[in-house]
Amino acid sequence: MSTCFVDQVATREILLRVTNVCGVCYSDLHEGDPIYYDLQHYRYLCQECYEKLCEKMNEQCEVLEEEGLFG
Ligand SMILES: [Zn+2]
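In what follows, the accompanying structure is described. On a predicted model such as this, the values are computed, not experimentally measured, just so you know.

Remarks on helix α2 (residues 47–56)
When we look at burial in α2, the residues that qualify are Cys49, Tyr50 and Leu53. Along the axis of α2, the buried residues cluster in a sector spanning 100 degrees; they form a single face. Opposite the packed face of α2, turned more than 90 degrees from it, sit the exposed residues Glu48, Glu51 and Glu55. Against the buried residues of α2 lie β1 (5–9), β2 (34–38) and β3 (43–45).

Okay, structure coming up:
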């Protein structure tokens with residue numbers, strides 16, 4: 001899934017300048033946490049949301065399960 005996400009470690013810089021919450025569940029991110037940048041939606045995810053999303057995605061980074069709900 002490395003084509004869909006960039007895995008990083010939350011730094012003070014990211015938390016201050018970009019975001020300090022997960023883009024999906026809005027839980028707090030903390031310095032040193034593993035975080036995942038979603039290249040499709042330009043947002044950072046916490047590890048839990050990243051893992052959930054990965055399970056639903058195909059190789060094109062499309063979320064199959066939710067197709068049609070918003071369409
Ligand atoms: Zn989350």
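Focus on unusual backbone geometry
Located in the positive-phi region is tyrosine 26, a residue other than glycine, with phi close to 60 degrees. Taking the C-beta count within 10 Å as the criterion, tyrosine 26 has 11 such neighbours and is therefore assigned exposed.

Details of the nonpolar core
By size, the foremost hydrophobic cluster in this structure holds twelve residues: Cys4, Phe5, Cys22, Leu29, Ile35, Tyr36, Tyr44, Leu45, Cys46, Cys49, Tyr50 and Leu53. Elements that contribute at least two residues to this core include exactly β2, β3 and α2. In terms of residue count, the dominant contributor to this core is α2 (three residues). Not counting the four nearest positions on each side in its chain, leucine 45 is found in contact with Cys22, Gly23, Val24, Ile35, Tyr36, Asp38, Tyr50 and Leu53.

A few points about the pairing of β2
For β1 and β2, the ladder comprises five bridges, and the chain directions are antiparallel. Bridge pairing in β2 places phenylalanine 5 opposite aspartate 38. In this structure, β2 lies alongside β3, joined through three bridges in antiparallel fashion. For tyrosine 36, the partnering residue across the bridge sits in β3 and is leucine 45.

How each quantity is defined
Residue numbers restart at each chain and count upward from 1, following the sequence in its written direction. Confidence filtering applies because this is a predicted model: local features only for residues at pLDDT of at least 70, side-chain atom pairs given and counted only at 80 or more, and all residues used for totals across whole chains, interfaces and linings. The exposure scheme places C-beta atoms from the backbone and then counts, for each residue, the other C-beta atoms within 10 Å of its own, assigning buried at 20 or more, exposed at 12 or fewer, and partly exposed in between. Secondary structure counts use DSSP, requiring at least four H or I residues in a row for a helix and at least two E residues in a row for a strand, with both numbered from the N terminus. In this context, the arc is that of the directions from the helix axis out to the C-beta atoms. Whether two residues are in contact depends on their C-beta atoms, placed from the backbone: they are in contact if these lie within 7 Å. We define the nonpolar core as any set of buried residues of the types Ala, Val, Leu, Ile, Met, Phe, Trp, Tyr and Cys, connected via C-beta atoms lying within 7 Å of each other. Pairing between strands requires that DSSP locate at least two bridges from one strand to the other.

In short, the description is geometric, and any link to function would need to be established separately.
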